[in-house]
Number of protein chains: 2
Amino acid sequence: MGQIQETKDIFHWIAPELALLEKTLGETLISTAPLISEVGAHLVRSGGKRLRPALYLLAAKSCGGFDENKATPLAAAIELIHMASLVHDDVIDQAQTRRGTITANAKWGNQVAVLTGDHMFAQAFALVSNKGYSEDVGERLAALVQGLCAGEILQDSALYTADHNLEEYERRIAMKTADFLAICCELGGMVGGAPTEVCEGLKAYGKAIGMAFQITDDLLDVMGDEERIGKPAGNDIRQGVVTLPVICALETSPDRDELRAIVTDREMTDDMVVRAIDIVRASDGVMEARKRADKYLEEARHILPEAVDGEARTAFLEAAAYIGQRDF
Amino acid sequence: MGQIQETKDIFHWIAPELALLEKTLGETLISTAPLISEVGAHLVRSGGKRLRPALYLLAAKSCGGFDENKATPLAAAIELIHMASLVHDDVIDQAQTRRGTITANAKWGNQVAVLTGDHMFAQAFALVSNKGYSEDVGERLAALVQGLCAGEILQDSALYTADHNLEEYERRIAMKTADFLAICCELGGMVGGAPTEVCEGLKAYGKAIGMAFQITDDLLDVMGDEERIGKPAGNDIRQGVVTLPVICALETSPDRDELRAIVTDREMTDDMVVRAIDIVRASDGVMEARKRADKYLEEARHILPEAVDGEARTAFLEAAAYIGQRDF
């Protein structure tokens, strides 16, 4: 595997906008309840790649009518929605750490975490009110949150089951990840003043890299080691989430009956998780998933509107390459 | 004491609008995740007095420019925000029932309850996008959610403590209840096309009855019996929430040291709760709280804008009287 590019390199063209975003995120989480401000500051400091607002800002700046001050509140709103949904996910999963940092629920308890998440969702909508955005923006953000919730619930109802197929899997990851990236790119086009067909093209690009991104993430769960991916391998299997490499292995592996018994067992042991990973790694599930991710990245490169050119085009293409390059 | 008036009598002038609200609430909670639709239907069926959207609709209809179809989405958004905050409260409190009905978290688990709440918050913002409302509406709703969250957090940080005063208590209940009712009345004025001073007057009316409403609710917790109020008396004391009658008793009761020892004890027994209630009932805390509630109701009647007349005025005055009449 070659040199992995850092997201800050990919997005260097929008470095000033990303710096302004950080400043805005820091300022926006001030509440009359000091504890909310404290939790907000913790969450902003905990980092994250800011991939979603970066795609939005890139799309916005690539179109003619870019105004940094007009674009920033929506970038912050996008990241707040992402952060809020992670905070609530951590409450639900009773997660203790995320990206190596203690979670809000572990540090302050469920009440504070749930309410801070709610506060951040509301802050996102506050940020886009009275800022001169089209009314479609609020509608898109609301649909985005609703899609994330519905995706989580659909995933939950499919936990520890073994009868999946590609179509169901892709619907699930679209709601969980790809639709979010699609909306970021689309909103960027809208705020940048791009014509409808360019917005649609940007949205399709975002959807395609989002699909590749989640498939790659799911592959990492099978192929990565704990040190690299920041969480134990086989985390999805342990939590009952059946992903594409596993779905393929459930169809074609000679050990598919054993794999099925493991992934449907809510009481699975660590040894069983290790065995399941071995079965999936030995199957053609890994290759199939990688091919599927590559197909989406190829689609993303082709679908990127011609109107997006120059440094913006380079960045979009590098973002797609980055997702394909993620280390296994 | 006398005959208690039902809210449906008070709001009979807006009965058609309330019926349309119910229809809209039923239709609006449809999601791509069938489970979210199911939980939403359960929550709508579980009822509630719809006091907040009723105040909003009353304010809107009392002003000249009322259009039922234009007003309804915001009424539904208001109730959705109220419902979502209750759903999240029940997750936090691990509540098993509300108004005699099983809670979402008890029936479907915390994950579904948290995500359904998030979905409802987002639906509230979706409902007010692209409906021709002024942009202030989205901003008000966001501020409302943020105030509710901050109020809950402030209340939480004051649990099982005994050093309170009227000012701190009133700031707490304003954020928890009164500001919500104030915003409902103000939004009604805005959507009804009332001039700014009428909107401000409606907001002040809503704030005043909201303060009285919460003080009365807190009094009920001390004075009511389980059969009447649908939850065990002393629930606030048990949960560490120190309310106005208790604050007064902590200052003036001859048994104040004993009361202080009980309300600050996180391990308090049922017997201790009963004893605390007895101390508060024997103190002048009950009379003081009732006087404070009456002061706010008097203020509400005076502050109601002159422009609100006819059946609307009657309904607003009856709403204030209803809050004062709530049975002890």
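Calculation notes
Here the residue numbering is sequential within each chain, running from 1 through the sequence in written order. Going through the entries in the order they are written, you letter the chains from A and number the ligands from 1. Residues qualify for local features only when their pLDDT is at least 70, as the model is predicted, and side-chain atom pairs are given and counted only at 80 or more; totals for whole chains, interfaces and linings, by contrast, use all residues. Elements are defined by DSSP. Helices are runs of H or I of four residues or more, strands are runs of E of two residues or more, and each kind is numbered from the N terminus. Every C-beta atom is placed from the backbone, and the number of other C-beta atoms within 10 Å of a residue's own sets its class: buried at 20 or more, exposed at 12 or fewer, partly exposed in between. Here contacts are defined at the residue level, using C-beta atoms placed from the backbone and a cut-off of 7 Å between them. The axes are straight lines fitted to the C-alpha atoms, using for helices just the contacting stretch, and the angles between their N-to-C directions are given from 0 to 180°. Each angle is binned into one of four classes, with values under 35 degrees roughly parallel, values over 145 roughly antiparallel, values of 65 to 115 roughly perpendicular, and all other values oblique. Two helices crossing with the near one rotated counterclockwise from the far one by less than a right angle form a left-handed crossing, whereas a clockwise rotation gives a right-handed crossing. Residues are grouped as follows: nonpolar covers Ala, Val, Leu, Ile, Met, Phe, Trp, Tyr, Cys and Pro; charged covers Asp, Glu, Lys and Arg; every other residue, Gly included, is treated as polar. To estimate how far a helix should reach, multiply one less than its number of residues by 1.5 Å. Regarding the arc, it is the one traced by the directions from the helix axis to the C-beta atoms.

Asks: What am I meant to see in the overall build of chain A here?
Replies: Helix and strand counts for chain A come out as 17 helices and 2 strands. For chain A, the spread of C-alpha atoms along the three principal axes comes to 60 × 50 × 35 Å. Relative to its full complement of 328 residues, chain A shows a buried share of 53%. Long-range pairs, those at least 24 residues apart, make up 74% of the contacts in chain A with a sequence separation of at least 6.

Asks: How should the packing of helix H5 (residues 68-93) of chain B against helix H9 (residues 166-191) of chain B be read in this particular structure?
Replies: Packed helices, taken two at a time, are described by their axes: the angle between them and the distance between them. Residues and elements named next belong to chain B. Orientation of H5 relative to H9, taken along the N-to-C sense of each, is 165°, at an axis distance of 11 Å. Compared by their axis directions, H5 and H9 come out roughly antiparallel. Note that H5 runs across H9; the crossing there is right-handed. Contacts from Lys70, Ala71, Leu74 and Ile78 of H5 reach H9 at Cys184, Leu187 and Val191. Class assignment of the residues belonging to the contact of H5 with H9 gives a composition of 6 nonpolar, no polar and 1 charged.

Asks: What's the story with unusual backbone geometry in this structure? I'm lost.
Replies: Glycine aside, a negative phi is what most residues show, and trans is what most peptide bonds show. A positive phi angle, close to 50°, is found at Arg99 of chain A, a residue other than glycine. The class for Arg99 of chain A is exposed, based on 12 C-beta atoms found within 10 Å.

Asks: Help me understand the interface of chain B and chain A, please; the structure alone is not making it clear to me.
Replies: The figure often quoted for interface size is the accessible area lost as the parts come together. The partner chain A presents 37 residues to the 37 residues of chain B that form the contact. For the side of chain B that touches chain A, the elements supplying multiple residues, two or more each, are helix H3 (34-45), H5, helix H7 (110-127) and helix H8 (135-157) of chain B. For the side of chain B that touches chain A, the element with the highest residue contribution is H8 of chain B, accounting for 15 residues. Across the side of chain B that touches chain A, the residue classes tally to 19 nonpolar, 12 polar and 6 charged.

Asks: Where do I start with the environment of Ala312 of chain A in this structure?
Replies: Note on placement: Ala312 of chain A falls in helix H17 (residues 310-325). The exposure class of Ala312 of chain A is buried, given the 21 C-beta atoms found within 10 Å.

Asks: Would you mind showing me how to read helix H2 (residues 15-28) of chain A here?
Replies: For an α-helix, the turn length of 3.6 residues means that residues three or four places apart are oriented alike. Residue and element names in this part refer to chain A. Along its 14 residues, H2 runs 20 Å from first to last C-alpha, staying within 8% of the 20 Å computed at 1.5 Å per residue. Within H2, burial applies to Glu17, Leu18, Leu21, Leu25 and Thr28. Projected onto a plane normal to the axis of H2, the buried residues spread over an arc of 95° and lie on a single side. In H2, the exposed positions angled more than 90 degrees off the buried face are occupied by Ala15, Pro16, Ala19, Lys23 and Glu27. Its buried side turned inward, H2 meets helix H3 (34-45), helix H4 (51-62), helix H5 (68-93) and helix H7 (110-127).

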